[in-house]
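These are the residues of each chain, in order.
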Amino acid sequence: MKKILTIMFLLPLAMMAWAQGVSAFDQLQAEPKKSYGTDYPYQLSTEALTKAPRGYKPFYISHYGRHGSRYYWNSMLYNELSNLLSTAHEKKQLTAEGEAFYEKFMAAKDELTTGVSELSELGWQQHQRIARTMYNAFPKVFKKGGNVLAISSLSGRCVLSMSAFCQELVQCNPKIEIREQSSRFTLDGVVPTDRQNPVKHKFPKSKPRFENNRANFNFTDSLGEMAVRRVFTSTEGLPGNLHHIGSNLINLYTSLSSIGHEGMMGNIITDEEIVKRWESSNLGSYAWVFEPRYDMIPILQDIIKKADAAINGSSDRIADLRFGHDTCIGPLTVLMGINGADTDPEDPYEVKNIYQNWQTGKASNIQLVFYRGKKGADDILVKLLLNGREASLPVPTQQFPYYKWSDFKQFYTARCNSVKDEGAGE
């Protein structure tokens, strides 16, 4: 009996290791831009998917995607850097490298300040590619056409991401009928925390346990100061303090690959330097997505409700698509425990093994693919793809990456019901 219990305990860990594959640091070595975290521009997965059990065919997909690559979300970054660099240029306080950066930044200034928070061309292309990849990976879902509902947050970049995705699906098969909606009526299923959501929620918040041991994490970050020294001969008389200027330079750097301006900053900051600070920034990201995880319960409930309708025939949809933000897909990843993201380790050095912030990058997405067996079979199977890769869930299974829908539904219904919504009924 003890041996059986040991196996049952180790099985989920083995599945998690299989799902995550290569270690975080090895992945960073292979793709340094992953160190950009939530600024990481989506890259299509080329990994082969596990063949479904014999007799099972996909028939329905439930999806949540973050908007694609965009300009920086806040105009303050561009405006502050414009003021800072212009003042330093006038005062002759720029290094040669800083002067080259100044010229390139000012040449792009109008574009940057106009584009604040808007979807970039790359962001549009990302969702086109994800849609076509989904279509090609699961042709049996789409080959006869059918109805699809796509809902989006009220943000323009999300609406355009939805449009890119849906247009590509219809290009793949004109028989697909898609209803697109960006409305307060559907916010509960895509961005429950939106202030305009007519359904009010108040879920409990809690910090991750590693925060109690944060002092045990040894890290000194000097990149901001180094970047400042590379740009300015002196910061005397310039607007902003040293720390804030350094943060702005780093934030600009990690955002440039999303808008086609890589190289603007020369060697002021390098990918290798961003990699060195990744584990620390990942800790901050995990705390950020962990605390509001229960706020995403309405999205998970929407997933369950719509999947049930597709399974029992009360809905004729072949897919339900949702387009939102990192503030939703990140906490949803923790709520669902994808690849162990709900583990909540006490050791800050363990966090990187259960959550990597690039998984919440631009155009990141969750896809739940549903399979039906032969006629008369009761079992519906579901598997989850995180950014195109098969991922593990804290649901018991004997055929990973496939899970019984009945087990999935029971597990997550219980998880949702275990958390009290003090705002319900307001």
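Rules behind the numbers
- Numbering of residues starts from 1 in each chain and follows the order in which that chain's sequence is written.
- Local features in this predicted model are restricted to residues of pLDDT 70 or higher, and side-chain atom pairs are both shown and tallied only at a pLDDT of 80 or more, whereas totals for entire chains, interfaces and linings draw on every residue.
- Just so you know, side-chain values use all the structure's heavy atoms and leave hydrogens and water out.
- Here, the term nonpolar core denotes a set of buried Ala, Val, Leu, Ile, Met, Phe, Trp, Tyr and Cys residues that are joined through side-chain atoms within 4.5 Å.
- Relative accessibility decides the category of a residue: with a 1.4 Å probe and only protein chains considered, values under 20% of the type maximum give buried, values over 50% give exposed, and everything between is partly exposed.
- Numbered from the N terminus, helices here are DSSP runs of H or I no shorter than four residues, and strands are runs of E no shorter than two.
- Should any heavy atoms of two residues lie within 4.5 Å, those residues are considered in contact.
- Confidence of the predictor at the level of single residues is captured by pLDDT, which takes values from 0 to 100.
- Only residues whose relative accessible area exceeds 30% and that form no salt bridge are eligible for patches; like-charged ones are grouped when within 9 Å, while nonpolar side chains (Val, Leu, Ile, Met, Phe, Trp, Tyr) are grouped when within 5 Å.
- Areas reported as accessible are Shrake-Rupley estimates using a 1.4 Å probe. Residue values count occlusion only from the protein chains shown.
- The salt bridge criterion pairs a side-chain nitrogen of Lys or Arg with a carboxyl oxygen of Asp or Glu, the two atoms within 4 Å.
- The convention is simple: Lys and Arg are positive, Asp and Glu are negative, and His and the chain ends are not counted.
- In this description, the location of a charge corresponds to atom NZ of lysine, CZ of arginine, CG of aspartate or CD of glutamate.

1. Topic: the nonpolar core
Core analysis: the biggest nonpolar cluster contains 40 residues, and Leu332, Met336, Phe370, Leu384 and Leu393 have the highest contact counts within it. When residues of this core are traced back to their parent elements, those giving at least two are strand S1 (57-66), strand S2 (146-152), helix H12 (297-312), helix H13 (326-336), strand S5 (365-372), strand S6 (380-386) and helix H15 (405-417). No other element matches H12, which puts seven residues into this core. Ignoring sequence-local partners within four residues, the contact set of Phe370 consists of Lys57, Pro58, Phe59, Tyr60, Ser62, Ala307, Ile311, Ile380, Leu381, Val382 and Trp405. Tyr40, Tyr71, Leu85 and Leu256 belong to the second largest nonpolar core, which has 39 residues in total.

2. Considerations on the confidence of the model for the protein
In this model, the protein carries an average pLDDT of 94, and 94% of its residues clear a pLDDT of 70 or more. A low-confidence stretch, residues 1-20 (pLDDT under 50), is modelled with 19 contacts involving residues beyond four sequence positions or located in other chains.

3. Regarding a positive patch on the surface
On the surface, a cluster of positive charge is made up of Lys51, Arg54, Lys57, Lys140, Lys143, Lys144 and Lys374. Turning to its location among the elements, Lys374 is positioned in the loop between S5 and S6.

4. Let's talk about the pattern of salt bridges
With the rule as written, the count across this model stands at 20 salt bridges. When the shortest N-O distance is used, the salt bridge between Arg322 and Asp302 registers 3.0 Å. Residue Arg322 is located in strand S4 (residues 317-324), and its partner Asp302 is located in helix H12; the two are separated by 20 residues in the primary sequence. Assessed through its relative accessible area of 0%, Arg322 is described here as buried. Among the salt bridges present, the one from Lys404 reaches Asp379, with a minimum N-O distance of 3.9 Å. Of this pair, Lys404 sits in strand S8 (residues 403-404) while Asp379 sits in the loop between S5 and S6, and the two are 25 residues apart along the sequence.

5. Some details on the environment of Leu44
Assignment of secondary structure puts Leu44 in the loop between helix H2 (24-30) and S1. Note: C-alpha distance between Leu44 and Gly388 (344 residues apart in sequence) is 7.1 Å. Leu44 has contacts with Arg129, Ile130 and Thr133, leaving out every residue within four places of it along the chain.

6. With respect to the environment of Phe101
As for its position among the elements, Phe101 is in helix H4 (residues 96-115). Phe101 sits in the buried class, given a relative accessible area of 1%. Remark: the alpha-carbon pair of Phe101 and Met264, spanning 163 residues in sequence, is separated by 6.2 Å. Every residue in contact with Phe101, bar those within four places of it in the chain, is listed here: Leu85, Val231, Leu249, Leu252, Met264, Met265 and Ile268.

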